[in-house]
Every structure is written in structure tokens, then in C-alpha cells.
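Fold and contact review
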Amino acid sequence: MQIEITPEPLYPWQRLEAYERQLAQIGKYGATAVFVGTMRDFNEGDDVAAMHLEHYPEMTEKYLRNIADQAMQQWSLLDVMIVHRVGSIQPNETIVLVAAWSAHRADAFDASRHLMELLKSRAPFWKKETLNSGTTRWVEKNTPG
Amino acid sequence: MTIDVKFFASLRERLGRSGAQLDIAEAATVAEVWQHCTEQAMPANVLMAVNLEYVQAEHPVHDGDEVAFFPPVTGG
């Protein structure tokens with residue numbers, strides 16, 4: 001399992017390739033479900049130039065680890081990965097990567113969706129946008145789906 | 001007892017500080033920690049955590065606890 005919060009640029013496909021290369025369960029998984037969240041250059045009808053992601057470090061890490069542990073118990077998973085950016089982010093950069101590995105597709109699909117919904121609704125991260133106009137504003141709520 | 005209070009994101013900016021060390025009488029709740037620290041009404045959408053776990057406003061606090069207040073989360 002890999003849970004990571006990083007201020008560095010995140011390249012999800014390179015990450016996945018490197019991680020799968022060292023997975024101990026090679027030959028055991030038939031399904032990998034991946035979610036990649038990418039920063040848009042628009043929100044609420046405005047053009048967005050940049051974003052700053054704040055978090056509550058100890059709680060974020062603990063929360064993500066807890067939901068990953070629970071998912072491993074709830075579904076038949078071989079492995080789980082959650083990587084999330086913090087700090088300054090530019091449009092088109094990856095914000096979050098969630099992946100789940102299982103023998104068959106249902107567990108990987110269901111677990112990755114569940115993890116993303118919990119992450120978005122409960123993990124203590126906050127986005128502050130800088131608009132093209134130079135104005136900054138806190139994002140008040142996430143989109144419902 | 002001493003409570004380590006933290007504020008995050010828009011709430012931190014609105015209150016003008018990231019936290020406080022609060023000395024408070026025994027048998028206090030999270031809601032009372034808020035009142036002592038801010039002297040203003042708690043916004044309805046504020047989320048609360050004690051020692052890194054989500055709690056409700058009536059949750060008791062103990063000496064040395066870390067109590068955090070923050071707005072709705074927007075990660076992912």
C-alpha cells in the first residue's frame with residue numbers, strides 16, 4: 001500500500017508503471033482501476049490561473065491511511081495507492097491519483113470510487129484559486145460528482 | 001488544562017490566526033473551546049476534529065488535546 005502527500009509534481013502514469021513493476025502480486029491481479037484528478041483552468045464560470053492546496057498534515061495522512069485500510073478489508077483487493085498533491089498547482093497538473101488492484105474488476109472499480117468519494121468529502125484538504133484577473137478565493141464546495 | 005487549538009484555510013484567514021494555546025476549566029467541550037478562542041458564533045458548516053479524528057461540537061476535551069476547526073473540505 002502506498003499513501004503519500006507530496007508538494008512535488010505528480011506524474012500518475014510513471015508512478016503507476018514504477019509501482020506495478022515492484023508489486024509482489026504479479027500474476028494475481030486481473031484488474032487495476034485508476035482515478036486521476038487533474039486541475040482545470042475554469043471553475044464556477046471563471047478562468048483559473050493557479051491553485052494552492054492547503055491541508056492538515058497529520059490528519060490527512062491518518063485519514064487516507066484509515067480509508068485505505070478499510071477498503072482493503074471491505075473488498076477483495078491486492079493493493080491500494082493514494083497520492084495527493086499539496087502546495088502550488090498549475091492547470092493541467094495532476095492533483096490526485098487513486099488506484100486499486102484486484103483479481104476481478106468489480107472490487108477494483110467499487111473500491112477506487114469509494115476511496116475517491118471519501119477523499120473528496122472528508123479528507124482535510126482545501127483549495128484556494130487564483131483567477132486570471134488576479135483575484136484569489138477559497139473553493140467553497142466540491143462538485144457533487 | 002491546556003488545549004492546542006488549530007484553525008485552517010478560510011477559517012484561519014477570517015479569524016486572523018492559525019491557532020492558540022488555550023487554558024480552560026475541566027469538563028469542557030469542543031464548542032466551549034471555540035467560544036473561548038473566538039468569542040463569536042460558530043458557523044454552521046464548520047468541521048471539528050480532536051486528536052485528528054472528526055467529532056461533534058459536544059465532544060469532551062481533555063488536557064493536552066489537539067482541537068481543530070476548519071471549513072468544508074475541497075480536496076481531490
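Only a predicted model underlies this, so the values are computations on that prediction, with no experimental measurement involved. (Residues numbered from 1 in each chain as written. Chains lettered and ligands numbered in written order. Predicted model: local features only at pLDDT ≥ 70, side-chain atom pairs only at ≥ 80, totals over all residues.)

**Describing the sheet that holds strand E2 (residues 31-38) of chain A**
Residues and elements named next belong to chain A. We count it as follows: Any two strands with at least two DSSP bridges between them are considered paired. A run of DSSP states H or I qualifies as a helix once it reaches four residues; a run of E qualifies as a strand once it reaches two. Both are numbered from the N-terminal end. To get an axis, fit a line to the C-alpha atoms, keeping to the stretch in contact for a helix; angles then go from 0 to 180 degrees between the N-to-C directions. Contact definition: two residues whose C-beta atoms, as placed from backbone geometry, lie within 7 Å.
Read from one edge to the other, the open sheet built from 4 strands follows the order E1-E5-E7-E2, with strand pairing classed as mixed. Unpaired on one side and paired on the other, strand E1 (2-6) and E2 mark the two borders of the sheet. Going from strand to strand, the sheet's axes swing by 5° on average, the running direction of each strand aside. Bridge count for E2 against strand E7 (residues 94-102) is 8 bridges, and the pairing is antiparallel. If you follow Val36 over to E7, its bridge partner there is Leu97. Those strands touched by helix H1 (residues 12-21) are E1, E2, strand E5 (77-85) and E7, and its axis lies near 30° from that of E7.

**A few points about the interface of chain B and chain A**
Under the convention used in this document: The classification used treats Ala, Val, Leu, Ile, Met, Phe, Trp, Tyr, Cys and Pro as nonpolar, Asp, Glu, Lys and Arg as charged, and all other residues, Gly among them, as polar.
Tallying the contact residues gives 13 residues for chain B and 22 residues for chain A. In the side of chain B that touches chain A, the residues fall into 9 nonpolar, 4 polar and no charged.

**Description of the pairing of strand E3 (residues 47-50) of chain B**
Across 4 bridges, E3 of chain B lies against strand E5 (residues 66-70) of chain B in antiparallel orientation. Pairing of Ala49 of chain B across the sheet is with Ala68 of chain B, part of E5 of chain B.

**Description of the packing of helix H2 (residues 57-74) of chain A against helix H3 (residues 105-122) of chain A**
Residues and elements named next belong to chain A. Convention followed: Throughout, the term roughly parallel applies to angles under 35 degrees, roughly antiparallel to angles over 145, roughly perpendicular to angles from 65 to 115, and oblique to all others. It is the rotation of the near helix from the far one that decides the hand of a crossing: anticlockwise by less than a right angle makes it left-handed, clockwise makes it right-handed.
Put simply, H2 and H3 touch, their axes get as near as 10 Å, and they point 155° apart. The angle between the axes of H2 and H3 places the two elements in the roughly antiparallel class. Note that H2 runs across H3; the crossing there is right-handed. Residues Tyr63, Leu64, Ile67, Ala68 and Ala71 of H2 form the contact with H3, whose own contacting residues are Ala111, His114, Leu115, Leu118, Leu119 and Arg122. When grouped by side-chain class, the residues that make up the contact of H2 with H3 number 9 nonpolar, 1 polar and 1 charged.

**Quick word on unusual backbone geometry**
Residues and elements named next belong to chain B. Condition: We call a residue exposed when 12 or fewer other C-beta atoms sit within 10 Å of its C-beta, buried when the count reaches 20 or more, and partly exposed for counts in between; the C-beta positions come from the backbone.
Even without glycine at this site, Glu39 takes up a positive phi of about 55°. As for its placement among the helices and strands, Glu39 is situated in the loop between helix H2 (30-38) and E3. Residue Glu39 is classed as exposed on the basis of its 7 C-beta neighbours within 10 Å. Even without being glycine, Asn51 reaches a positive phi, approximately 50°. Structurally, Asn51 is set in the loop between E3 and strand E4 (53-55). Assessed through the 16 C-beta atoms surrounding it within 10 Å, Asn51 is described here as partly exposed.

**Things to note about H2 of chain A**
To keep things clear, this is the line we draw: Every helix has an expected span of 1.5 Å times one less than the residues it contains. For this quantity, the arc is that covered by the directions from the helix axis to the C-beta atoms.
Given a rise of 1.5 Å per residue, 18 residues ought to cover 26 Å, and the 26 Å separating the end C-alpha atoms of H2 of chain A matches this to within 8%. Those residues of H2 of chain A lying buried are Met59, Thr60, Tyr63, Leu64, Ile67, Ala68 and Ala71 of chain A. Buried positions in H2 of chain A, seen along its axis, are confined to an arc of 160° and lie on one side of it. In this structure, the buried side of H2 of chain A is in contact with E1, strand E4 (46-55), E5, H3 and strand E8 (125-131) of chain A together with E3 of chain B.

**Quick word on the sheet that holds strand E2 (residues 19-23) of chain B**
The pairing of strands in a sheet happens through backbone hydrogen bonds and is either parallel or antiparallel. All names here are of chain B. Pairing is mixed in the open sheet, where 5 strands are placed in the order E2-E1-E5-E3-E4. Edge positions in the sheet fall to E2 and E4, since each of these pairs with one other strand and no more. Across the sheet, the mean angle separating the axes of adjacent strands is 30° when strand polarity is ignored.

**Focus: the pairing of E5 of chain B**
All names here are of chain B. Summarising burial for E5: 4 of the 5 residues are buried, a large majority. Note: strand E1 (residues 2-7) against E5, 4 bridges, orientation parallel. Bridging across to E5, Lys6 finds its partner in Ala68.

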